[in-house]
Amino acid sequence: MGSQTLQILRQGVWAALSGGWYYDPHQGTFVNALHLYLWLFLLGLPFTLYMALPSSMIIVAVYCPVIAAIFIVLKMVNYRLHRALDEGEVIEKSANELCDRGTKPEKDSCSTRRKDSNGPSDPGGGIEMSEFIREATPPVGCSSRNSYAGLDPSNQIGSGSPRLGTEATIKGDTDTAKTSDDISLSLGQSSSLCKEGSEEQGKFSSTLYETGGCDMSLVNFEPAARRASNICDTDSHVSSSTSVRFYPHDVLSLPQIRLNRLLTIDPDLLEQQDIDLSPDLQEHMQPQEEAVQKVEHYYRFWILPQLWIGINFDRLTLLALFDRNREILENVLAVILAILVAFLGSVLLIQGFFRDIWVFQFCLVIASCQYSLLKSVQPDSSSPRHGHNRIIAYSRPVYFCLCCGLIWLLDYGSRNLPTTRFKLYGMAFTNPLLLMSARDLVIVFTLCFPIVFFVGLLPQVNTFVMYLCEQLDIHVFGGNATTSLLAALYSFICSIVAVALLYGLCYGALRDSWDGQHIPVLFSVFCGLLVAISYHLSRQSSDPSVLFSLVQSKIFPNTEEKNPEDPLSEVKDPLPDKLRNSVSERLQSDLIVCIVIGVLYFAIHVSTVFTVLQPALKYVLYTLVGSVGFLTHYMLPQVRKQLPWHCFSHPLLKTKEYYQFEVRNAAHIMWFEKLHVWLIFVEKNVIYPLIVLNELSSSAKTIASPKKLDTELGALMITIAGLKLLRSSFSSPTCQYVTVIFTVLFFKFDYEALSETMLLDLFFMSIFFNKLWELLYKLRFVYTYIAPWQITWGSAFHAFAQPFAVPHSAMLFVQAALSAFFSTPLNPFLGSAIFITSYVRPVKFWERDYNTKRVDHSNTRLASQLDRNPGSDDNNLNSIFYEHLTRSLQHSLCGDLLLGRWGNYSTGDCFILASDYLNALVHLIEIGNGLVTFQLRGLEFRGTYCQQREVEAITEGVDEDDGFCCCEPGHLPHMLSFNAAFSQRWLAWEVLVTKYVLEGYSITDNSAASMLQVFDLRKILTTYYVKGIIYYVTTSSKLEEWLANETMQEGLRLCADRNYVDVDPTFNPNIDEDYDHRLAGISRESFCVIYLNWIEYCCSRRAKPLDADKDSSLVTLCYGLCVLGRRALGTAAHHMSSNLESFLYGLHALFKGDFRISSIRDEWIFADMELLRKVVVPGIRMSLKLHQDHFTSPDEYDDPTVLYEAIMSHEQNLVIAHEGDPAWRSAVLSNSPSLLALRHVMDDGTNEYKIIMLNKRYLSFRVIKVNKECVRGLWAGQQQELVFLRNRNPERGSIQNAKQALRNMINSSCDQPIGYPIYVSPLTTSYCDSHEQLKDILGGPISLGNIRNFVVSTWHRLRKGCGAGCNSGGNIEDSDAGGGTSCTNNNATSANEPHSNMLQGGNGNSGQGPGAGLYPPVTSHLPTLGTSHSSHSVQSSLVRHSPARASVASQSSYCYSSRHSSLRMSTTGFVPCRRSSTSQISLRNLPSSIQSRLSMVNQMESANQTGLASMQHGLPSSSSSSQSIPACKHALVGFLGTEGGQNVAADAQSGSSLSPANNPQAKKGDVIYRIQIVDPSQILEGINLSKRKELQWPDEGIRLKAGRNSWKDWTPQEGMEGHVIHRWVPCSRDPGSRSHIDKTILLVQIDDKYVAVIETGVLELGAEV
């Protein structure tokens, strides 16, 4: 602890004060002396020149060239030295040769030329530089000074962190070497060195690598040739450390033993004497020590083309001297900054801004800025990353130049004021005293640079630029938060361009003549364009990458062909295309909407409505915005919260899912959600634009008057103010109503004299309120965090800091105000009650674009996949669920926010989504008009103890608390108790929603060990494994090719023998069902006894059956494959299949595709590796699923038919893959319905196997809103504690649980390695256009294509409606779905309308889908056909509420034909639909008895009894239903039901037991109804293969043919027609007619195919007799 404190004081405190200089005891005297003298020179030179020379430009003329010369020399030498170490020459000479080097010729054998290792040839020489992956974060203590690699007894060189490695390559060369050591290095991912022959010798190159800025170097050496026995020494394991393998039988030379010690970079080891070598090495070294000591290694450094010197130098010493600048541009920039610092500093000195001791202080600041360019502070207090930060070196000189420039400008401005006075709110901004005060403030700030940089109040340069652009864009131009430096610059430039375009129009309008009742037309044009441009800018994301990608895809489409052999070629992320399509739709919509908006508001403004209706109009608008804003943003969110006003115990407005235990469907749209959407739409698109235009009209002339800002400056302020107010209102209208109401009350009623016109008042008050809200959040966080009754001390320091912070409360308030003004986090120091201000940050907060990269087979080496199984820990495997959650949020988050499901939200808000096992923090970064950019941070599934306590706090209910102070009197109904209400007010978080519905995956894991514990269960798995292989080989399209392959035939020649037996010891009678005990192996005969029937059945299901008898080549191939597969399983299990652990290991190896062919009898498989990839691997994976199914139905798969159909069903509906396979991630992100995997977990000493089953469903989350300043403060505190103060204690007090602030959950969500989230998503943008429910309310994006479709569909409907209305006969056969069906005269229909409506209302049932209650039950005219409320009659059960149009009977006679609409609804509008020629019902084709009964109905109609007949036959009146059923069909059904053959109707109700093909007489007595498929998604393709046998089928043959397994390549399409031969009805008494779901299922025959379809997916075409 003491050494760490001293290290922090040296490298942190003192180095921060001095600019980087400190005494390093780990370095030599030369390094420390050079640093000291250099720093003293930089400090003393300007001070001496100022004291010795007169204050004139002579000081500048002397000081600047000296600094330039010194920096040029130092930077050039440093750069050349690094290049010499990279690609220079290593010289090895003895002492004698060194003495007479000038007289003796140089021997070529004494020097070894080493080329650049980074060059194309790369012969293996030199010390190469390798950049570490930027996303990976180096260890805590890794920097250019404190990086280390310790040599432990196991010969492992560690880089400071076991999780991080660096990749280097050890390559061989054929040059000879005289040393005799044998050392193999493996850095990160080891490389294998395999060479033939014992005479070849290698030369190794060590690696200087940078771990995210952490420079470490290994001095190169030249090993001797490997021994012949060690030539092929392959280490396939991935190690995060550097393994050094010593061969003690080889003799190591003394200098290289010293080099090996130098590799350790351990001071204690370096100080040891040579005698400390191992004993076996000492024996070999004793006789050679004197000779070896005379050899010296050094580098050849070329000064001139013919002049060089030898340098006995190494990389670590050079890095300890000066920081490395890799590029020439960096060196040039450093020299320019040093000269600029010298110039500006000397100019300020000679101008007399500093006196007395402040001159020395200013020279100290100059020296610290210049010294940091040579040796920077590492780590700096404002550095966002561990290790060496190259950018932080430029911070001090850049800020120094900015401050000096600002000092000079303010001084110049105070002495040369313009003649015009700029006065705002009574303050003269051109007052010399004000400018001089600002200058003095900047001078004091510059003198305090050492303290400022020690505390860390200024960020690195790129962060500051991003912050500055973002703040200006938000507060001045009304923009949004940005996601990167490029996005900030892009958004800022777009705002500048928009202002420049609008400024010309505004300036031209202000130059025209104005009067009280007339506004120039040009100003109206300006207002229209202002609204349109503001609308467009508010809808665009600040990140231009997607827009650039869209433009690139349109101009330069990607035409490169993919390699079909690449296994990743089929894996494609759908998100980029989805984002491009969303941006394209928004641009097309904006093109139209902006034109409409511009023209509309131009027309409104030019109509003089803003001048004639004054002053009443503005008060109406103020009242309207206040009432709508209060209702939308206060009342509705409060009554929808889980605890409204922290008084009620449940929401006052509940969603439909609130009382559901398990959510099964998407969230239902409630009426208050629709109201919320429309109120926001009207507020931001109508009310706020009108208010801004009103203020523009009334304030423009006043602002541009000479008394105010004059025309030029006034036009600029009008443009900026209007743009800011409109953009902010479009993007985030949540708190705008408060700003407007307060501004009106303050400047209209309280201090009207201070008003600078309402437009400018709104502009400045919007900025003020933004900072005021931020101050409020900070104070809430502080008071909540330090409340004495709920403080949780995580360490002894917290207990000390709590009372110590009390006297500094006033200072704390000042800090909160300043941090709110500058938008900086206010973080608790070490997690205690002491708060300090951090440096400024953008809304995004984290300066690095860190996001999790999942470890799978696409980014790991094959050897590591086979041996080490990287990424097998739970955290890496579970991260995919957070990635899928991110995609779900990308689809629905923006729409859900607009629907009010997350309450009020603003830029920078943080929410926690909590479910059973998922706990994710969602950070809202950019909020635009219809878009939200967010980042999700997923926490561990199995969190720490502290995390679990905080999860309990956010998930527990408080409505059961009955406490009131110290007693428990209870509480009022539906209200919280006093204690509960009090405690909820002292939390930094609140529960908004308890039932937020989001699509995700439910996870089911079963222990594989328990499922395979006994031998019988393993035997079942092996049997399914063999059957799976047989299935896949027989269904393969390459089967005939395999059978004809001569190589395979030759390899399987022995297996073709009927008496062949494989006696491999890996076969076990306990797990192999076909094991032949007599022959002690698996014989062909025993194999055929068990599996021949299965082979024959599988072969019979082929389209082209093959010979499958006992001696066929197909059986031989199956036998060979099954033996091979089981032998591979035994080999992977180390031939110990009887041991459960070994069996599971082998099973997992085969599951992930690690098949190792160990027997020469199996080498025939190499003739075509597709057999392994497409047959054996799917076989082992399918066997796992079939083994799981065995537990539910043990004997079901004994039937080959059932097993075959089950495998086909699983192939279609289930993804079975290893979790490391990229196909697994692709399947999850593609929303596959079900997935299965075998997981091997090796974490925290556990070694278990789990069967993971994923099922897509709707998950329920709790949404918790966290104080965003609490999150920012805790994040900033963790970064400072771990990076700058280097607190590596895993149980530090700052991460202990604090329920009032969720301290542990927030701190653990930081970027790694500061926090430990298992997933951090990239910045993801969600668009409202992808939310289907929101599109149903507001409509989708407006584009030319959508407008065309709307116009065409509307024209078709108008034409059909007009055509039907103009028909004198009343025939509306071609009318649209909106038209009704009139069967009688209008008087009769009107008279019976109330009765029809009554019947419809009385029988409505919401659970039956559309139109379920349209048809009343049949009365006495029909016999009772069942108890189901949906089986009203034969016709009403088959005819659903559909867009069918029917023929109409005239007043004098009936029409016995059913003709249907030529249009049907589709997803894009109305498209033509085929007519059915078979849907006609002709009277001539009916039996005579039916014709007579139809005549009776005709007589009843002529007697004006249509209404009564309609009610009796279950027929609604034509005027009571927009879609009615032809009366002739109902009459026909009634006749069939009342006729003597009632069995006909009964058969129609329960479904025919025989198909028409099997029963040719069916049509003579039954009514066969014809239907048309209109919704293919309602087809049940696999219902016939269900293992539970939910439906009782009329015939087993029909069941086998009624699914995809029988259809083969045929698929039922939309528009196909067929006959209904059976139906299953919910709740039917007859088991043969009972549906297992709450919907009616129809069995339809289409040609020779059978299709099961839900009734809502078909259109009834009529009955045939």
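Parameters at a glance
- Residues numbered from 1 in each chain as written.
- Predicted model: local features only at pLDDT ≥ 70, side-chain atom pairs only at ≥ 80, totals over all residues.
- Heavy atoms only, no water.
- Helix = DSSP H or I, 4+ residues; strand = E, 2+ residues; numbered from the N terminus.
- Buried < 20%, exposed > 50% of the residue type's maximum accessible area, 1.4 Å probe, protein only.
- Contact = heavy atoms within 4.5 Å.
- Areas by Shrake-Rupley, 256 points an atom, 1.4 Å probe, with all protein chains shown as cover.
- Salt bridge = Lys/Arg side-chain N within 4 Å of Asp/Glu carboxyl O.
- Core = buried A, V, L, I, M, F, W, Y, C linked by side-chain atoms within 4.5 Å.
- Axes fitted to C-alpha atoms, helices over the stretch in contact; angles between N-to-C directions.
- Parallel < 35°, antiparallel > 145°, perpendicular 65-115°, else oblique.
- Left-handed = near helix turned anticlockwise from the far one by under 90°.
- Nonpolar A, V, L, I, M, F, W, Y, C, P; charged D, E, K, R; others polar.
- Pairing = 2+ DSSP bridges.
- Phe/Tyr/Trp six-rings, centres within 6.5 Å; stacked < 30°, edge-to-face > 60°.
- Lys NZ or Arg CZ within 6 Å of the ring centre and 35° of its normal.
- Polar contact = N/O pair within 3.5 Å; in protein donor to acceptor, adjacent residues only side chain to side chain.
- pLDDT = per-residue confidence, 0-100.
- 1 Å grid on protein atoms, 1.4 Å probe; cavity = no way out; pocket = protein on both sides within 12 Å on 5 of 7 lines; lining within 4 Å.
- Points joined across faces, edges and corners; volume = space filled by probe spheres on them.

Engineer: I keep staring at the overall build of the protein chain and nothing clicks. Help me out?
Structural biologist: Secondary structure summary: the protein chain contains 55 helices and 33 strands in total. Burial analysis of the protein chain (1665 residues in total) assigns 56% to the buried set. Contacts in the protein chain between residues far apart in sequence, at least 24 positions, make up 73% of those at least 6 positions apart. Surface summary for the protein chain: the accessible area is close to 71700 Å², and the carbon and sulfur share equals 59%.

Engineer: Whenever I open this one, the pattern of salt bridges confuses me. Can you help?
Structural biologist: Pairs may arise between side chains of opposite charge once their charged atoms sit close together. All told, the structure shown has 50 salt bridges when counted by the stated rule. The partner of E1040 in a salt bridge is K1104, with the nearest N and O atoms 3.9 Å apart. Note that E1040 is positioned in helix α34 (residues 1039-1043) and K1104 in the loop between α36 (1084-1100) and α37 (1113-1132), a separation of 64 residues in sequence. Judged by relative accessible area, K1104 falls into the exposed class, the value being 53%. A salt bridge links E1269 to R1272, with the nearest nitrogen and oxygen atoms 4.0 Å apart. Taken together, the residues E1269 and R1272, both in helix α42 (residues 1268-1284) and three residues apart, mark about one turn of the helix. Using a relative accessible area of 10% as the deciding quantity, one classes R1272 as buried. One connected set of salt bridges, linked through shared partners, spans D1062, D1064, R1127, R1161 and D1162.

Engineer: Explain the nonpolar core here, please?
Structural biologist: One finds L889, W902, L924, F1087 and L1121 to be the most contacted residues of the largest nonpolar core, which totals 125 residues. Among the elements that line this core, the one with the most residues is α37, at 12 residues. When residues no more than four places from it in sequence are discounted, the contact partners of L889 are W902, L913, V922, F934, L936, Y996, L998 and S1326.

Engineer: Quick question: what am I supposed to make of the environment of E1046 here?
Structural biologist: Structurally, the position occupied by E1046 is in helix α35 (residues 1046-1051). On the basis of relative accessible area, E1046 is assigned to the exposed category, the value being 65%. As for E1046 and A1167, which are separated by 121 residues in sequence, their C-alpha atoms are 9.3 Å apart.

Engineer: What exactly am I supposed to notice about the packing of helix α39 (residues 1170-1192) against helix α40 (residues 1200-1213) here?
Structural biologist: Angle between the axes and distance between the axes are the two parameters that describe a pair of packed helices. Where α39 contacts α40, the axes come no closer than 11 Å and their chain directions differ by 120°. In terms of axis orientation, α39 runs oblique to α40. For the pair α39 and α40, the sense of crossing is right-handed. Contacts between α39 and α40 pair M1182, K1185, L1186 and D1189 from the former with L1203, I1207, H1210 and E1211 from the latter. Among the residues forming the contact of α39 with α40, the class breakdown is four nonpolar, one polar and three charged.

Engineer: Is there a simple way to explain the pairing of strand β25 (residues 1324-1327) in this structure?
Structural biologist: A regular strand places its side chains on the two faces of the sheet in alternate fashion. Burial along β25 is two-sided: the residues T1324 and S1326 and T1325 and Y1327 are all buried. Strand direction decides the pairing type here: strand β17 (residues 931-938) and β25, joined by four bridges, are antiparallel. Within β25, the residue paired with V932 across the bridge is S1326.

Engineer: I tried to follow the packing of aromatic side chains on my own but got confused; where do I start?
Structural biologist: To describe a pair of aromatic rings, you give the distance between the ring centres and the angle between the ring planes. Inspection of every chain in the model, using the stated rule, returns 61 aromatic pairs. Here the aromatic residues Y425, F742, F746, F747, Y751, F763, F764, F768 and F769 are joined through ring pairs into a cluster of three or more. Against the face of W1275 rests R937, its NZ or CZ located 5.1 Å from the ring centre.

Engineer: Would you mind showing me how to read the side chain of Q378 here?
Structural biologist: Considering the arrangement of structural elements, one finds Q378 in the loop between α11 (357-371) and α12 (395-415). Judged by its relative accessible area of 1%, Q378 is buried. Of note is the side chain of Q378, whose polar atom sits 2.8 Å from the side chain of S376. Looking at Q378, its side chain comes within polar contact range of the main-chain nitrogen of N389, at 2.9 Å.

Engineer: How should the confidence of the model for the protein chain be read in this particular structure?
Structural biologist: Any segment with low pLDDT has predicted coordinates that should not be analysed in fine detail. Across the protein chain, the average pLDDT comes to 76, with 72% of residues at 70 or higher. Taken together, the stretch residues 95-292 has pLDDT below 50 and engages in 409 contacts with residues farther than four places along the chain or on a different chain. Across residues 1367-1565 the pLDDT falls below 50, and counting only partners more than four positions away or on other chains, this stretch makes 330 contacts in the model.

Engineer: When you look at empty space enclosed by the protein in this model, what are you seeing that I'm missing?
Structural biologist: Where empty space is left in the structure can be found by rolling a water-sized probe over the atoms. Quantified by volume, the largest cavity comes out at close to 290 Å³. Looking at the largest cavity, it is lined by 24 residues, and the ones nearest its centre are R640, T655, R901, L992 and V993. Elements represented by at least two residues in the lining of the largest cavity include exactly α21 (616-640), α22 (671-703) and β18 (989-1007). Take the lining of the largest cavity: its biggest share by element is six residues, from β18. Its residues assigned to classes, the lining of the largest cavity comprises 11 nonpolar, six polar and seven charged.

Engineer: Would you mind showing me how to read the environment of G963 here?
Structural biologist: Mapped onto the elements, G963 comes out in the loop between α30 (945-955) and α31 (978-985). Using a relative accessible area of 3% as the deciding quantity, one classes G963 as buried. For the pair G963 and L976, spaced 13 residues apart in the sequence, the C-alpha separation amounts to 9.5 Å. If near-sequence neighbours (up to four positions away) are discounted, G963 is found in contact with E968, P969, S977, F978 and N979.

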